[in-house]
Amino acid sequence: MARLTLTGIRKSFGATAVLHDVALDIHDGEFVSLVGPSGCGKTTLLRIVAGLDHADQGRIAIGDTVVDALPPKARDIAMVFQSYALYPYMTVRQNLALPLVMRRLSRAQRLPLLGRWWPGAGARRAAIDAEVQRVAAPLGLAPLLDRRPAQLSGGQRQRVALGRAMVRQPQVFLMDEPLSNLDAKLRVATRTEIAQLHRRLEATFVYVTHDQVEAMTMSDRVALMMDGRVLQFAPPQHIYDDPADLRVAQFIGTPQINTLPATRDEGGLTVAGRHWPLALPPEAGARPQLAVRPEWWTVQPAGTPQARPGVVEGTLAHQELLGAETLLHVRVDSVAETVVARVDPAQARTLALGAPVSLATARVLAFDAAGHRVPQAEWMGVRRLAVAHG
Amino acid sequence: MADAMSLPAAAARPRRRAPGAWAEALAGWTLAGPAIVLMWLMLLGPAVGVIGLSFTDWTFGAPQIAWAGAANYVELWGDRVFWQSLRNTLAYVAFTVPASVFLGLGVALLIEAGDRGRGLYRALFFLPVTSTLLAMALVFQFAFHPTVGLVNQALGWLGLPTTDWLKNPDTALYALGVIGIWQALGLNMVLFLAGLKAIPKDLYEAAAIDGADGAWDRFVRVTWPMLGPSLVFVVTITAIRSFQVFDTVAVLTEGGPNKATSVLLYQMYQEGFSFLRSAYAAALTCVFLAFVLLLTWAQTRLLDRRAHYG
């Protein structure tokens, strides 16, 4: 169990900088996901923590120990690889035992054949075997101990990889997209299992994924990375509700958050030809960007008084029925992509394709032209409390 | 229920080919036919011919041929030269195979571990494979020359005993073995390099985290077991090629001195082409074939059983 502190990590491969000054302070026993699109540097960061790659600059501390100069085996970490990296020529039992064998047996005791009879080897091997059994049982690997990885299913291999990481009881677990080779159903089940495992082991987990659902469902905190920078490091709900950057807002959430370009006008903004009485601080600039989550919209029946201050109008281009909800795709002039609203299927059924639709929201996130979040936008002439939480 | 009812009906029907099965069989034979014919003509036919020949008394050019039963094999059993050749061949294989396999592996590991000049070293070590052994034998003859040869010059300079390597019955076979190793090393290296490339980097990284990060531990825990399939293949190929040693013997020692370097293939050549005793040579060939088959069988068994990880 330990706190993991990264400070000022920089890394370049040749002329390409992949990590720019990354700093993370991960608490003891916390489950942290590093999430971001391919090539954002998340795997490189994990490998640097593991000691498989070295940072050009920066410091990594596990607990009170600075581990920059330590080899992977001395860092008290375990890693689950995307490919699982099981030793194909060893049985499951031998795979699980190897981390202990390498640590507890002397070179002589590890010798094939001869090592068995070396003084003290028997007792230590028995102890190792007991620990292998202890790890294997809860993972359901007990009946598979004498099989080779090639004889296991993908899910079983994944458990062996987890078991090999657990057997040594490391302080920090590092996982590199461990679910990406499983089928969709198994992935959901294993997601839950890993989260439960984390609670049971009470160890620090660092989990790399490109899948926002994995990051959101499992983590205590999510570090959202893009282009070698951590854009935001916060609990999942906070990331979703209160993104620090437009790219964060766009990466997290399905369907993607709607982005609306705005221009300043007398007493507020013009958004897609409509006046929004929204007061933005000066740092938002002349061309701010607004973002609205699909579920923040309500459909306004034509002719009703305006219930919410932010309105866009367009025509219904497409409907996607998902069962519990329906996604409306509304084409709005001067907005490049269709505006998506998540609405009740009963309400959606009353709308025909091509019909004019009016969407309204009281909740909105504001960003400057570069995508930086602008602090709390406020509606004018509307009661503040009603606005803040839509 | 439907299944149960259809069963007796199916059983009652006489075993008749379904319509079209005939045509399908015909098409199958027609398509596979040319390959089958060629295979018999080019591969199996000659082998069967040699086996058949070994049970006759034919000599090359003789007008008549008669069945001789196992006479040739009985003669083989009592032939001192045959046993000498077999012993020499086995000794040659036992000497060249381990040396060329382990040297090849060593060179491959060194090349893989290095940062620079990989292509150059690969090409250099592969050179003997591409060169004509006959031409290279001239160079080796010169190198092994008792007085001006490089080998004895170097040994003399180091103060070590020298000898006429190719004329001394105790050393001649091993001198030829050195040439065999020199030639086989390059191919083994290339095969091992391919095997090394196929080992996933992840495994070394997992091993480093698990505690196996020294050169020896990496080799024992990852490289060596992962090379299993390559190793079986390399050993078999090298062994078969060593069994076939002929050109250096023919060019440099002609089986001498005093049959010290007579090997199976060389005896076969002498019996078949110098003494024209074709049937006897065929019997020798069968013994040779048996050894090669044994090696191939052992290889497939090993590959199927242990070394194949899927």
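Residues numbered from 1 in each chain as written. Chains lettered and ligands numbered in written order. Predicted model: local features only at pLDDT ≥ 70, side-chain atom pairs only at ≥ 80, totals over all residues. Heavy atoms only, no water.

Student: Explanation requested: the sheet that holds strand β7 (residues 172-176) of chain A in the structure shown.
Tutor: Backbone-to-backbone hydrogen bonds join strands into a sheet, with any given pair of strands oriented parallel or antiparallel. Residues and elements named next belong to chain A. An order of β6-β7-β8-β3-β9-β10 is seen for the six strands of this open sheet, with the pairing classed as mixed. A strand with exactly one partner marks an edge of an open sheet, and here the two such strands are β6 (77-80) and β10 (229-234). Mean inter-strand twist for the sheet, computed between neighbouring axes without regard to direction, equals 15 degrees. The sheet contact formed by strand β3 (residues 31-35) and strand β8 (residues 204-209) spans five bridges and is parallel. Bridged to V35 within β8 is T209. Most of the contacts of helix α6 (residues 184-201) go to β8, to which it runs at about 160 degrees, and overall it touches β3, β7 and β8. (Pairing = 2+ DSSP bridges. Helix = DSSP H or I, 4+ residues; strand = E, 2+ residues; numbered from the N terminus. Axes fitted to C-alpha atoms, helices over the stretch in contact; angles between N-to-C directions. Contact = heavy atoms within 4.5 Å.)

Student: How should I be thinking about the confidence of the model for chain A in this particular structure?
Tutor: Low pLDDT means the predicted atomic positions in that stretch should not be read closely. On average, chain A scores 88 in pLDDT, and the residues at 70 or more come to 95%. Across residues 384-390 of chain A, where pLDDT falls below 50, the model places seven contacts with residues more than four positions away in sequence or in other chains. (pLDDT = per-residue confidence, 0-100.)

Student: Help me out: how do you make sense of the domain arrangement of chain A in this one?
Tutor: The extent of an interface is frequently quoted as the accessible surface area lost upon association of the parts. Residues and elements named next belong to chain A. Its domain assignment divides chain A into domain 1 (4-246) and domain 2 (255-379). Relative placement of domain 1 and domain 2: their C-alpha centres are 42 Å apart. When domain 1 packs against domain 2, close to 820 Å² is buried across both sides, 48% of that on carbon and sulfur atoms. If you sort the residues of domain 1 by the area they bury against domain 2, Y240, P243 and L246 come out on top, with a joint share of 66%. Seen at the junction of domain 1 and domain 2, the total is two salt bridges. With a shortest N-O distance of 3.8 Å, D241 and R363 are connected by a salt bridge. Connecting domain 1 to domain 2 are six residue pairs in polar contact (both at pLDDT 80 or more). For the side of domain 1 that touches domain 2, the element with the highest residue contribution is helix α8 (residues 236-241), accounting for three residues. (Domains from an automatic or database assignment. Buried area = accessible area lost by both parts, 1.4 Å probe. Salt bridge = Lys/Arg side-chain N within 4 Å of Asp/Glu carboxyl O. Polar contact = N/O pair within 3.5 Å; in protein donor to acceptor, adjacent residues only side chain to side chain.)

Student: What's the story with the layout of surface pockets in this structure? I'm lost.
Tutor: The rolling of a water-molecule-sized probe over the atoms marks out the regions of remaining empty space. In this structure, the largest pocket occupies an estimated 1200 Å³ of space. Forming the walls of the largest pocket are 38 residues, and the residues nearest its centre are M90(A), Q94(A), P112(A), V220(B) and R221(B). Of all the secondary-structure elements, those providing two or more residues to the lining of the largest pocket are α2 (92-104), α3 (107-110) and α4 (121-136) of chain A together with α10 (215-226), α11 (228-243) and α14 (278-305) of chain B. Residues of the lining of the largest pocket, tallied by class, amount to 23 nonpolar, five polar and ten charged. (1 Å grid on protein atoms, 1.4 Å probe; cavity = no way out; pocket = protein on both sides within 12 Å on 5 of 7 lines; lining within 4 Å. Points joined across faces, edges and corners; volume = space filled by probe spheres on them. Nonpolar A, V, L, I, M, F, W, Y, C, P; charged D, E, K, R; others polar.)

Student: I'm lost on the pairing of strand β15 (residues 289-292) of chain A in this one. Help?
Tutor: Each regular strand shows side chains that alternate between the opposite faces of the sheet. All names here are of chain A. Of the two faces of β15, both are covered, the one formed by Q289 and A291 as well as the one formed by L290 and V292. Sheet topology note: the strand β11 (residues 258-265)/β15 ladder contains four bridges and is antiparallel. Across the sheet, P261 pairs through a bridge with Q289, a residue of β15. (Buried < 20%, exposed > 50% of the residue type's maximum accessible area, 1.4 Å probe, protein only.)

Student: I'm lost on the packing of aromatic side chains in this one. Help?
Tutor: Any pair of aromatic rings gets described here by the distance separating the centres and the angle formed by the planes. Following the criterion strictly, the structure yields 20 aromatic pairs over all chains and no others. Between F102(B) and W224(B), the aromatic rings sit 6.4 Å apart at their centres with planes inclined by 20 degrees, giving stacked as the arrangement. Taken together, the positions of F102(B) in helix α4 (residues 80-113) and W224(B) in helix α10 put the pair 122 residues apart, joining distant regions of the chain. Assessed through its relative accessible area of 33%, W224(B) is described here as partly exposed. The structure contains a cluster of three or more aromatic residues connected by ring pairs, namely F31(A), F173(A), F205(A) and Y207(A). Cation over ring: R293(A) sits above Y240(A), and NZ or CZ is 3.9 Å from the ring centre. (Phe/Tyr/Trp six-rings, centres within 6.5 Å; stacked < 30°, edge-to-face > 60°. Lys NZ or Arg CZ within 6 Å of the ring centre and 35° of its normal.)

Student: Explain a nonpolar patch on the surface here, please?
Tutor: On the surface, a nonpolar cluster with roughly 1200 Å² of combined accessible area is contributed by W29(B), I36(B), V37(B), L38(B), M39(B), W40(B), L41(B), M42(B), L43(B), L44(B) and V48(B). Structurally, W29(B) can be placed in helix α2 (residues 21-53). (Patch = residues over 30% accessible without salt bridge, like charges linked within 9 Å, V, L, I, M, F, W, Y side chains within 5 Å. Areas by Shrake-Rupley, 256 points an atom, 1.4 Å probe, with all protein chains shown as cover.)

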